[in-house]
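Structural overview
Here's the letter readout for the chains.
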Amino acid sequence: MTVSTDEMRRIADEAAQATVREMLTAMGVDMSSPEKIIQAQVDFAYLRRSRRASERVAAGVRTAILAAAVSGALTILWMGFKMAVTSKGGG
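What comes next is a walk through the structure. (Residues numbered from 1 in each chain as written. Predicted model: local features only at pLDDT ≥ 70, side-chain atom pairs only at ≥ 80, totals over all residues. Heavy atoms only, no water.)

Notes on the overall build of the protein chain
A tally of helices and strands in the protein chain yields two helices and zero strands. Against the 2.2 N^0.38 benchmark of 12 Å for 91 residues, the protein chain shows a C-alpha radius of gyration of 31 Å, more extended than a compact globule. For the protein chain, the spread of C-alpha atoms along the principal axes amounts to about 105 × 35 × 20 Å. Looking at the protein chain, you have 12 positive and 9 negative side-chain charges, and the mean spots of the two groups are 23 Å apart. (Helix = DSSP H or I, 4+ residues; strand = E, 2+ residues; numbered from the N terminus. Rg over C-alpha atoms; globule rule 2.2 N^0.38 Å. Lys, Arg positive; Asp, Glu negative; His and termini not counted. Charge placed at Lys NZ, Arg CZ, Asp CG, Glu CD.)

So, a positive patch on the surface
Taken together, the side chains of R48, R49, R52 and R56 define a basic patch exposed on the protein surface. Take R49: it is sitting in helix α2 (residues 34-90). (Patch = residues over 30% accessible without salt bridge, like charges linked within 9 Å, V, L, I, M, F, W, Y side chains within 5 Å. Areas by Shrake-Rupley, 256 points an atom, 1.4 Å probe, with all protein chains shown as cover. Salt bridge = Lys/Arg side-chain N within 4 Å of Asp/Glu carboxyl O.)

Here we look at the pattern of salt bridges
Under the criterion given, the structure shown has five salt bridges. Across the pair R10 and E14 runs a salt bridge, and its minimum N-O distance is 2.4 Å. Here E14 and R10 lie together in helix α1 (residues 5-26), a separation of four residues that amounts to about one turn. By relative accessible area, which is 38% here, R10 ends up partly exposed. Taking the relative accessible area as the measure of exposure, E14 reaches 44% and is therefore partly exposed. E55 is paired through a salt bridge with R51; the nearest N and O atoms lie 3.2 Å apart. Of this pair, E55 and R51 both sit in helix α2, four residues apart, roughly one helical turn. The network of salt bridges with shared partners includes E7, R10 and E14. (Buried < 20%, exposed > 50% of the residue type's maximum accessible area, 1.4 Å probe, protein only.)

Focus: a nonpolar patch on the surface
Together, M1, V3, M8 and I11 make up an exposed nonpolar region whose accessible area comes to about 470 Å². With respect to the element layout, M8 can be found in helix α1. The class for M8 is partly exposed, based on a relative accessible area of 48%.

Focus on α1
The terminal C-alpha atoms of α1 lie 31 Å apart, and with 22 residues this matches the ideal 32 Å at 1.5 Å per residue to within 8%. G28 sits one or two residues past α1 and shows a positive phi near 100°. (Expected span 1.5 Å × (residues − 1).)

By themselves, these are just geometric observations and shouldn't be taken as functional.
Below is the structure:
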C-alpha cells in the first residue's frame, strides 16, 4: 500500500489538530466553540497584562529600595564627614 504525499499531510494535520485540542482541553481551555476559544484568548491576554503590570511594580519597588539604600549610605558618609571636620576644627 502506497500513501501519497497529500494523504500523509492530511493524516499529519489531523493528528496534530487532535493532539493540540487534547492538550488545550487538558489545560482547561474549552474548545467546543469559536466563542469559547476567543474567550480563552482574552483570558490569556489579561494574564499577560497582569504579569507585565506586576513586573513593572516589582521593578519600581526594587528601584525605590536601591534609591533608599544609596541615599542612606550617602547620608551616613556625609554625617561622618561633617563630624570629622567639626571635631578637627574645634579641637
